[in-house]
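# Reading the structure
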Amino acid sequence: MDPDPDDLDVSPNPSGEALTAERERTVGLIDALTARLAAVIDATADAAADDEHDPEGSTLAVERGQLVAQVERSRVRLDEIDAALLRMGEGSYGRCETCGVAIDPERLEVLPATRQCVGCAARHPARRW
Ligand SMILES: [Zn+2]
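From a predicted model like this one, the values you see are computed outputs, not experimental measurements.

### Concerning the coordination of the zinc ion
The coordination sphere of the zinc ion, as far as protein atoms go, consists of Cys96 (SG), Cys99 (SG), Cys117 (SG) and Cys120 (SG), spread over 2.3 Å. Considering all 4 donor atoms around the zinc ion, angles at the metal cover 106 to 115° and the coordination shape is tetrahedral. Read in sequence order, the donor residues for the zinc ion give the motif C-x2-C-x17-C-x2-C. Residue Cys96 is found in the loop between α2 (55–90) and α3 (105–110), and its partner Cys120 is found in helix α4 (residues 118–123); the two are separated by 24 residues along the sequence. Of the two residues examined, Cys96 and Cys120, each falls in the buried class.

### Some thoughts on the side chain of Glu22
Along the polypeptide, Glu22 turns up in helix α1 (residues 14–50). Accessibility expressed as a relative area gives 6% for Glu22, which makes it buried. At a separation of 2.3 Å, a polar atom in the side chain of Glu22 contacts the side chain of Arg77. Look past the residues within four positions of Glu22 in its chain and what remains in contact with it is Arg77, Ile81 and Pro112.

Analysis parameters
Residues numbered from 1 in each chain as written. Predicted model: local features only at pLDDT ≥ 70, side-chain atom pairs only at ≥ 80, totals over all residues. Heavy atoms only, no water. Donors = N, O, S within 2.8 Å, 3.2 Å for Na, K, Ca; no water. Tetrahedral: all angles 85-135°; square planar, octahedral: opposite > 155°, others 65-115°. Helix = DSSP H or I, 4+ residues; strand = E, 2+ residues; numbered from the N terminus. Buried < 20%, exposed > 50% of the residue type's maximum accessible area, 1.4 Å probe, protein only. Polar contact = N/O pair within 3.5 Å; in protein donor to acceptor, adjacent residues only side chain to side chain. Contact = heavy atoms within 4.5 Å.

This is the structure in structure tokens:
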């Protein structure tokens, strides 16, 4: 009775674990931000009902804008992580999308969803990460 490797849920690849952990953290962050955003929206409605010139109202508006931006960034990050997990399934994970070299494992540890090696990322600063 040989053990079936498909029965093993845990990937031996530490980068895979880092990605999964990063994904869980990002999903948790989006949940927390979304809950906070809902609370701020409620508070904004209350503040507006009380007095539309209430200074608290503008503070809430600023926080609301920041939260919306944070949720956006976190969703983009989640997309990147999901794309990295897909690449892992295809076996192309850990290769630079631009020049094809193997990405430094230390870089992958810090930025598990990165698509580029450090050299290409430096040459294309417009890209995220
Ligand atoms: Zn590269």
